[in-house]
Amino acid sequence: MTAPLFPGRARRSVAALGAVSAGLLLLSACGDKPTPLATVTVGTSTVSAESDCRADGKDLSMDRVQECLTNLKNAKTIEYGRGDTLRLGVEPEIVEDGHQWQAVLDGQPITEPSSNTYRSFQGADVFATGGQGEAPASKVLGFVQVGKDGKPLAVWSFKLKLK
């Protein structure tokens, strides 16, 4: 009878190490890296999200952008009180290579395209109606990444809920 080359404990360690290595190899082969985050902060509350819509280097059609801003199945929600400071931020990857981003509220741009990664609106009342009736209970805040040519590349969506 021959003696095993490895004792039982060593065999289990080698098998476990092999399983972990194979798992890491499979994960690295997936190629699905997360998209950069966009962040909304109101007071001490912060929510971040990955892009809802992305064309992986291609332009998004305006119809697709509108769909991304209205189809909010997974949109993160943050409460907003009148007069709160609204802070918007994007990861630096979003503005690399000459790209910019623009904030959109209920489909209407509220900022010019910018290569800055942070914007702040102190005391803004995003629920103001200008005397045109009662304020809605929520609004859609979108971030649209635009390329050098001004065409949309990606969209991040959030819901602002009136306190």
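Basis of the calculations
- Residues numbered from 1 in each chain as written.
- Predicted model: local features only at pLDDT ≥ 70, side-chain atom pairs only at ≥ 80, totals over all residues.
- Heavy atoms only, no water.
- Helix = DSSP H or I, 4+ residues; strand = E, 2+ residues; numbered from the N terminus.
- Areas by Shrake-Rupley, 256 points an atom, 1.4 Å probe, with all protein chains shown as cover.
- Buried < 20%, exposed > 50% of the residue type's maximum accessible area, 1.4 Å probe, protein only.
- Pairing = 2+ DSSP bridges.
- Core = buried A, V, L, I, M, F, W, Y, C linked by side-chain atoms within 4.5 Å.
- Contact = heavy atoms within 4.5 Å.
- Polar contact = N/O pair within 3.5 Å; in protein donor to acceptor, adjacent residues only side chain to side chain.
- 1 Å grid on protein atoms, 1.4 Å probe; cavity = no way out; pocket = protein on both sides within 12 Å on 5 of 7 lines; lining within 4 Å.
- Points joined across faces, edges and corners; volume = space filled by probe spheres on them.
- Nonpolar A, V, L, I, M, F, W, Y, C, P; charged D, E, K, R; others polar.
- Axes fitted to C-alpha atoms, helices over the stretch in contact; angles between N-to-C directions.
- Phe/Tyr/Trp six-rings, centres within 6.5 Å; stacked < 30°, edge-to-face > 60°.

Visitor: Mind showing me how you'd approach the overall build of the chain here?
Guide: Summing up its helical and strand segments, the chain has 2 helices and 10 strands in all. The order of α-helices and β-strands along the chain, N terminus first, is α-β-β-β-α-β-β-β-β-β-β-β. Put simply, the chain shows about 10300 Å² of open surface, and 52% of that area lies on carbon and sulfur atoms.

Visitor: What is the right way to look at the pairing of strand β5 (residues 86-90) in this model?
Guide: Both faces of the sheet carry side chains from a regular strand, because those side chains alternate between them. Counting buried residues along β5, 4 of its 5 residues qualify, which places the element largely inside the surrounding structure. Taken together, the 5 bridges between strand β1 (residues 38-42) and β5 define a ladder with antiparallel strand orientation. Within β5, the residue paired with Thr-41 across the bridge is Arg-87.

Visitor: Which parts of the structure should I look at to understand the nonpolar core?
Guide: Within soluble globular proteins, side chains that are nonpolar generally end up buried alongside one another. By size, the foremost hydrophobic cluster in this structure holds 25 residues, and its most contacted members are Val-40, Leu-86, Leu-88, Phe-143, Phe-158 and Leu-160. Secondary-structure elements contributing two or more residues to this core are β1, β2 (45-49), β4 (76-80), β5, β6 (100-105), β9 (138-146) and β10 (152-162). A per-element tally of this core places β10 first, with 4 residues. In this structure Leu-160 touches Val-40, Ile-78, Tyr-80, Leu-86, Leu-105, Val-126, Phe-127, Ala-137, Ser-138, Lys-139 and Leu-141, once residues within four positions along its chain are discounted. Residues Leu-60, Cys-68, Val-104 and Val-144 belong to the second largest nonpolar core, which totals 10 residues.

Visitor: Explain the side chain of Ser-51 here, please?
Guide: Here Ser-51 is to be found in the loop between β2 and β3 (53-54). Judged by relative accessible area, which is 15%, Ser-51 ranks as buried. Side-chain polar atoms of Ser-51 contact the backbone oxygen of Val-155, separated by 3.1 Å. In contact with Ser-51, other than residues within four places in its own chain, are Thr-35, Pro-36, Ala-154, Val-155 and Trp-156.

Visitor: Before we go on, may I ask you to explain the layout of surface pockets in this structure?
Guide: In this approach the atoms are scanned with a rolling probe the size of a water molecule, which exposes any empty space left behind. Computed from the structure, the second largest pocket encloses a volume of approximately 170 Å³. Along its surface, the second largest pocket is lined by Met-62, Val-65, Gln-66, Leu-69, Gln-102, Val-104, Gly-107, Pro-109, Val-144, Val-146, Gly-150 and Pro-152. For the lining of the second largest pocket, the element with the most residues is helix α2 (residues 62-70), which contributes 4 residues. Along the lines of polarity and charge, the residues of the lining of the second largest pocket split into 8 nonpolar, 4 polar and no charged.

Visitor: I would appreciate a short explanation of the sheet that holds β2 in the present structure.
Guide: Hydrogen bonding along the main chain pairs the strands of a sheet, whether they run parallel or antiparallel. Spatially, 4 strands are ordered β2-β1-β5-β8 in an open sheet, and the strand pairing comes out antiparallel. Every other strand in the sheet has two partners, leaving β2 and β8 (118-121) as the edge strands with one partner each. Averaged over all neighbouring strand pairs, the angle between strand axes comes to 15 degrees, with direction disregarded.

Visitor: Honestly, the packing of aromatic side chains in this entry has me stumped. Any pointers?
Guide: Inspection of the entire model under this criterion finds 3 aromatic pairs. Between the aromatic rings of Phe-143 and Phe-158, the centroid separation amounts to 5.5 Å while the plane-to-plane angle is 55 degrees, which identifies the pairing as tilted. Placement of Phe-143 in strand β9 and of Phe-158 in strand β10 is noted, with a sequence separation of 15 residues between them. Accessibility assignment for this pair places Phe-143 and Phe-158 in one class, buried.

Visitor: Can you help me understand the pairing of β2 in this one?
Guide: Relative to β2, β1 runs antiparallel, the two sharing 5 bridges. Its bridge partner lying in β2, Ala-38 is registered against Ala-49. Here β1 hands over to β2 after 2 residues, with Gly-43 in that stretch at a positive phi of 60 degrees.

Visitor: I tried to follow the environment of Ser-51 on my own but got confused; where do I start?
Guide: Expressed as a C-alpha distance, the spacing of Ser-51 and Cys-68, which sit 17 residues apart in the sequence, is 9.6 Å. A polar side-chain atom of Ser-51 sits 2.7 Å from the main-chain carbonyl oxygen of Cys-53.

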